[in-house]
Structure formats: structure tokens, C-alpha cells
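Residue-level structural notes
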Amino acid sequence: MAISTWPFAASKLGLTEGLYWNDPVGGPTMRGVTLTSLRNNRSALGLTAADAITVDFLKTLSEEDARKIWKIGYWDRACCDQLPAGLDYAVFDIAINSGPARAVELLQEALGLHADGIFGRMTEGAAAKCNVPATIATMNKLRVKFMVKLKNWKPNSAGWADRVATVTADAIALA
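Residues numbered from 1 in each chain as written. Predicted model: local features only at pLDDT ≥ 70, side-chain atom pairs only at ≥ 80, totals over all residues. Heavy atoms only, no water.

1. Considerations on the packing of aromatic side chains
Note the threshold: Ring geometry is summarised as follows: Phe, Tyr and Trp rings, the Trp one being its six-membered ring, pair when their centres sit within 6.5 Å, and such pairs are stacked at plane angles under 30 degrees, edge-to-face over 60 and tilted between the two. Note on classification: 1.4 Å probe, protein chains only; a residue is buried when its accessible area is under 20% of the maximum for its type, exposed when over 50%, partly exposed between these limits. Over a ring means this: the NZ of a Lys or the CZ of an Arg is within 6 Å of the ring centre and within 35 degrees of the ring normal.
As enumerated under the stated definition, the model contains five aromatic pairs in all. Plain terms: the ring middles of Trp 153 and Trp 160 are 6.1 Å apart, the flat faces sit at 50° to each other, and that makes the pair tilted. This pair shows no difference in class: Trp 153 is buried, exactly as Trp 160 is. The ring of Tyr 20 has Lys 59 lying over it, and the distance from NZ or CZ to the ring centre is 4.9 Å.

Quick look at the structure:
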């Protein structure tokens, strides 16, 4: 198993993700965590179903608490610890923006596998044998191809394109 780049990935995301934003398409988000994701991952913060998770609660989300959700809700769900260094970071960043299943789908497509969004032995095996820098580059080209079809691409295109380029370069450097 590769050495996890989780600490690096979390640090980079902490610099990338902004504070509160209510996107007309994506809804309320704080530090890259949507209200839905916060509700779905409330146990990462020691919260129960009885605890009210509101927009006001989301607005107070600390980076420390966001990191807990990033790890459980995105890094772990996209099986990043089972990927080679660099590829783990690239998949993680996609998971944050588009969800863990989409991140795995794009990884699978870049690996030439059936893209079902379910990380299994075939995906892990193909990732372990792949040319990591080439796979990162291919996956992020597929990511942009996916992103340009989104309703909110136009107002976010410059920032998202810069983010993908930076993540690609950083992930390849990690590889």
C-alpha cells in the first residue's frame, strides 16, 4: 500500500476551499462541505440524528471539523488510502467537488475500466499498476469534460479550471 498523502491533501484543501457560500445550483457550502454532506456525516463530529444541522450551524463549521468530514465523507468513501500517492490526492479533490462516486467513476474511466463508481478490487489493482502521472492527467481531462456540462460551469469556469490545473500539477509532483 502506498504512503497516504492525506495530511498534504487536507492542508491543500484547507487553502483552496473558501468560507461560506450559497451557490444557486449547489446550495450552501462551508469549507467545501455542503449542508447535505454535513448532515450525512454528522457522526464525524459526534452529532446524532437529534442534533439540528441548519445553515447557521454550517456557517460555524471550523476547519478542524471540516477536515473530519473531508476524511470520512470524501477521502475514505473514495478509497483514497488504497491509491498510489498523487492519485489519491487527485481523486480526493474530485470527490470534494463532485462526490466520491463521481471521483471513482472518473478514475475508472481514466484506467479504462467500466465506470460504475464502486471502488473494488479491479479498480484498486488497475490503479496499483497504472502510470500514475498519465492517469492523473487523463482523469483531470475527464473531470473538466464533466464540469463544462454543469449548470454552474460558466460563472465558475476560470476558478475551477485553475483549481484542476493546480491539483493536476500537485498530484503529479506527489507521484
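Following the structure, the description resumes.
2. Some remarks on the side chain of Asn 152
The criterion, for reference: Labels follow the DSSP assignment, with helices taken as runs of H or I lasting at least four residues and strands as runs of E lasting at least two, numbered in each case from the N terminus. Here a polar contact is recorded for every N or O atom pair within 3.5 Å, except that within protein the pair must consist of a potential hydrogen donor and a potential acceptor, and residues adjacent in sequence are included only if both atoms are side-chain atoms. Only heavy atoms enter the contact rule, under which two residues are in contact if any of them lie within 4.5 Å.
Within the element layout of this structure, Asn 152 appears in the loop between α8 (132–147) and α9 (153–174). A polar side-chain atom of Asn 152 sits 3.1 Å from a polar atom in the side chain of Asp 23. Sequence-distant contacts of Asn 152, defined by excluding residues within four places in its chain, comprise Asp 23, Val 25, Gly 26 and Trp 160.

3. Details of the pattern of salt bridges
This is how the line gets drawn: Salt-bridge detection follows one rule: a side-chain nitrogen of Lys or Arg within 4 Å of a carboxyl oxygen of Asp or Glu.
All told, the structure shown has nine salt bridges when counted by the stated rule. Put simply, Glu 63 and Arg 67 hold a salt bridge, and the shortest N to O gap is 3.0 Å. Of the two residues, Glu 63 and Arg 67 are both situated in helix α4 (residues 63–75); the distance of four residues between them amounts to about one turn of the helix. In this structure Glu 63 comes out as partly exposed when scored by relative accessible area, which is 27%.

4. Points about the packing of α4 against helix α5 (residues 87–98)
To describe two helices that pack against each other, one gives the angle between their axes and the distance between the axes. Let me state the cut-off plainly: A fitted line through C-alpha atoms serves as each axis, taken over the contacting stretch for helices, and the angle formed by two N-to-C directions is quoted from 0 to 180°. Each angle receives one of four descriptions, namely roughly parallel if under 35 degrees, roughly antiparallel if over 145, roughly perpendicular if within 65 to 115, and oblique otherwise. Any residue outside Ala, Val, Leu, Ile, Met, Phe, Trp, Tyr, Cys, Pro, Asp, Glu, Lys and Arg is labelled polar, Gly included; the first ten of those are nonpolar and the last four are charged.
Taken N-terminus to C-terminus, the directions of α4 and α5 make an angle of 95°; their axes are 10 Å apart at the nearest point. Between α4 and α5, the angle falls in the class roughly perpendicular. Mapping the contact onto sequence places Trp 70, Tyr 74 and Trp 75 in α4 and Asp 88, Tyr 89, Phe 92, Ala 95 and Ile 96 in α5. Considered class by class, the residues forming the contact of α4 with α5 number seven nonpolar, no polar and one charged.

5. Thoughts on the environment of Tyr 20
Take Tyr 20: it is sitting in the loop between α1 (6–16) and β1 (21–23). The class of Tyr 20 is partly exposed, set by a relative accessible area of 31%. Separated by ten residues in sequence, Tyr 20 and Met 30 have C-alpha atoms that sit 4.3 Å apart.

6. A short note on α5
Condition: Expected span, for any helix, means 1.5 Å times one less than how many residues it has.
When the terminal C-alpha atoms of α5 are compared, their 16 Å separation across twelve residues agrees well with the 16 Å that a helix rising 1.5 Å per residue should span. Burial analysis of α5 places ten of its twelve residues in the buried class, the great majority of the element. Taken together, the buried positions of α5 are Leu 87, Asp 88, Tyr 89, Ala 90, Val 91, Phe 92, Asp 93, Ile 94, Ala 95 and Ile 96. Looking at the packing, one finds that the buried side of α5 touches α1, α4, α6 (100–110), α7 (121–129), α8 and α9. Immediately beyond the C-terminal end of α5, within one or two residues, lies Gly 99, with a positive phi of roughly 95°.

7. Side note on the nonpolar core
Convention followed: By convention a nonpolar core is built from buried Ala, Val, Leu, Ile, Met, Phe, Trp, Tyr and Cys residues, the set being connected through side-chain atoms within 4.5 Å.
One finds Trp 70, Leu 87, Val 91, Phe 92 and Met 139 to be the most contacted residues of the largest nonpolar core, which totals 46 residues. Counting residues per element, the ones that place at least two in this core are α1, α2 (35–40), α4, α5, α6, α8 and α9. For this core, the leading source of residues is α5, giving eight residues. When sequence neighbours within four positions are dropped, the list of residues in contact with Met 139 reads Leu 87, Ala 90, Val 91, Ile 94, Leu 106, Leu 107 and Ala 110. Met 147, Trp 153, Trp 160 and Val 164 belong to the second largest nonpolar core, which has five residues in total.

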